[in-house]
Amino acid sequence: MYPYYVLEYTNWATVFPVTKEGKVILLKQYRYGLGEWSIEIPGGIMDPHETDPLSAGRRELLEETGYSCSQIREVGKVAPNPATANNWMHIFLATDCELTHDQSFDPHEELEVFLADMHEVKQLLRENKIIQSLHVTAMLYALIALGETM
């Protein structure tokens, strides 16, 4: 019998942010594993001291985009890899977002913010231009919560 290992990770918070004007806030982030840019939504690991995924989601949104939101709610929770990892990804829908701050990146982050309307987001998904699997999942949960159809 072979040994079985479980990787222990901190939980993650991911946010599908929509501005007051109905635009989705997206990121182009350089991903070193693939060596290319990836279209994503804001999110990341919860800091060791954080216990509230919603607060972590708000923090990630603000740090990565400079946007704040007046409304935010959890629309899903998924296990990134339940076969080998013990963590959860909490999925939030943030609405009425507005630009309030400068971005504040982690030292290793390279990203650009851009806005897209719902039609453009759905087109990016249909054309397989959003390749980060967990973000695709989060986007689908958020679109369902918004009553959007593909």
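For the structure itself, consult the block above.
As the structure is a prediction and not an experimental result, all values here were calculated from the model.

## A closer look at the overall build of the chain
Part 1 of the reasoning: Helix and strand counts for the chain stand at three helices and eight strands.
Part 2 of the reasoning: Taken from the N to the C terminus, the helices and strands of the chain come in the order β-β-β-β-α-β-β-β-β-α-α.
Part 3 of the reasoning: Computed over the C-alpha atoms, the radius of gyration of the chain is 15 Å, within 12% of the 15 Å expected from 2.2 N^0.38 for a compact globule of 150 residues.
Part 4 of the reasoning: With respect to the three principal axes, the spread of C-alpha positions in the chain is 55 × 35 × 30 Å.
Part 5 of the reasoning: Going through the 150 residues of the chain one by one, you find that 39% of them count as buried.
Part 6 of the reasoning: Long-range contacts, defined as pairs at least 24 residues apart, comprise 68% of the intrachain contacts of the chain with a sequence gap of at least 6.

## A word on the packing of aromatic side chains
Part 1 of the reasoning: Evaluated as defined, the whole model comprises three aromatic pairs.
Part 2 of the reasoning: Counting every residue linked through ring pairs, the aromatic cluster contains Tyr30, Tyr32 and Trp37.
Part 3 of the reasoning: Note that Lys28 overlies the ring of Phe114, its terminal NZ or CZ placed 5.2 Å from the centroid.

What counts, and at which threshold
Residues numbered from 1 in each chain as written. Predicted model: local features only at pLDDT ≥ 70, side-chain atom pairs only at ≥ 80, totals over all residues. Heavy atoms only, no water. Helix = DSSP H or I, 4+ residues; strand = E, 2+ residues; numbered from the N terminus. Rg over C-alpha atoms; globule rule 2.2 N^0.38 Å. Buried < 20%, exposed > 50% of the residue type's maximum accessible area, 1.4 Å probe, protein only. Contact = heavy atoms within 4.5 Å. Phe/Tyr/Trp six-rings, centres within 6.5 Å; stacked < 30°, edge-to-face > 60°. Lys NZ or Arg CZ within 6 Å of the ring centre and 35° of its normal.

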